[in-house]
Amino acid sequence: MRIVCKDVTAETLYDVLHDTSYRKKWDTNMIDTYDIGRLTVNADVGYYSWRCPTPLKNRDFVTMRSWLPLGNDYLIINYSVKHPQHPPKKDYVRAVSLLTGYLIQSNGASSSTLYYLTQVDPRGSLPKWVVNRVSQFVAPKAMRKIYKASLKYPDWKRKHNPTLKPWMFPEQNTLPCISVSELTVQRADSLENIDESAVSEEKTNHSEDEEA
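Quick caveat: nothing in here was measured; it's all calculated off a predicted structure.

**Student:** Provide a residue-level description of the pairing of strand β1 (residues 2–6), including the pertinent values.
**Tutor:** The alternating pattern of β1 places I3 and C5 on a buried face, while none of R2, V4 and K6, on the opposite face, is buried. In the sheet, β1 pairs with strand β8 (residues 111–121) via 5 bridges, with the strands oriented antiparallel. When the bridges of β8 are listed, V4 appears paired with T113.

Here it is as structure tokens:
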């Protein structure tokens, strides 16, 4: 997917995608997110849980993320890993990011373009209509949320630790160090596959209406 973000610089978009404190303000689908530890000055491991419409089970991820400034452009990528202290949780389906990435390109002093590419295995035997809905509605809506959040970020950041940006300034990073030997790639076929194929679209639509 691609979205042109007028009045948003590439650096602001980059900050928004990194800033977990701010994400809690705009990502309404998020249940929780936190950083687990750092691998290098531009790589870490983190946790993210995502609220799914009832009666589907909520999903969560443990991913290794790396990032790289490319002049005026920026790149962020992640994929799922196993961490011994963060195994799958009882009330969540552990989903798998095979490869997810953001590319932020600068269009000048006050505009940028955000590209988003993801290959995710949500696990569970999901009905085809669920996959179609995510592809056609949920993901584009998330891109628009990022854009709107980016417009508001500069004012918010001025009031909330304006100089704290450990993704830009590694010396500010206080996360515990993680050894690569502690991690393994998360294989989808090693996780429990919960059958959600009988979920009714009508029932889920009703639940979404109630939440709205």
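**Student:** Could you give an account of the UniProt feature "domain: START" (unreviewed entry) in the chain, naming the residues involved and the relevant values?
**Tutor:** UniProt records the feature "domain: START" (unreviewed entry) for residues 1–155 in the present numbering. The distance separating the terminal C-alpha atoms of residues 1–155 is 27 Å; by composition the span is 28% helix and 46% strand.

**Student:** So what about the environment of M143? Which residues, and what values?
**Tutor:** Along the chain, the position of M143 falls in helix α3 (residues 128–158). Taking relative accessible area as the criterion, M143 reaches 4% and is therefore assigned buried. A C-alpha to C-alpha distance of 8.5 Å links M143 and L114, two positions 29 residues apart in sequence. Contacts of M143, omitting those with residues within four sequence positions, involve M1, R2, I3, L114 and Y116.

**Student:** How would you sum up the pairing of strand β4 (residues 58–70)? Please name residues and give values.
**Tutor:** Sheet faces and side chains relate simply in a regular strand, where the side chains alternate between the two faces. Both strand β3 (residues 43–50) and β4 contribute to a ladder of 8 bridges, which runs antiparallel. Each residue of the ladder has a partner; that of Y48, found in β4, is F61. The pairing of β4 with strand β6 (residues 92–94) spans 3 bridges and is parallel. Along β6, the bridge assignment pairs R59 with V93. Sheet topology places β4 next to strand β5 (residues 73–82); 8 bridges connect them, and they run antiparallel. In the strand pairing of β5, P69 is matched with Y74. Between β4 and β5, which pair antiparallel in sequence order, lie 2 residues; one of them, G71, sits at a positive phi of approximately 70°.

Each value, and the rule that gives it
Residues numbered from 1 in each chain as written. Predicted model: local features only at pLDDT ≥ 70, side-chain atom pairs only at ≥ 80, totals over all residues. Heavy atoms only, no water. Buried < 20%, exposed > 50% of the residue type's maximum accessible area, 1.4 Å probe, protein only. Helix = DSSP H or I, 4+ residues; strand = E, 2+ residues; numbered from the N terminus. Pairing = 2+ DSSP bridges. UniProt positions renumbered as here; feature names shortened; annotations may be inferred. Contact = heavy atoms within 4.5 Å.

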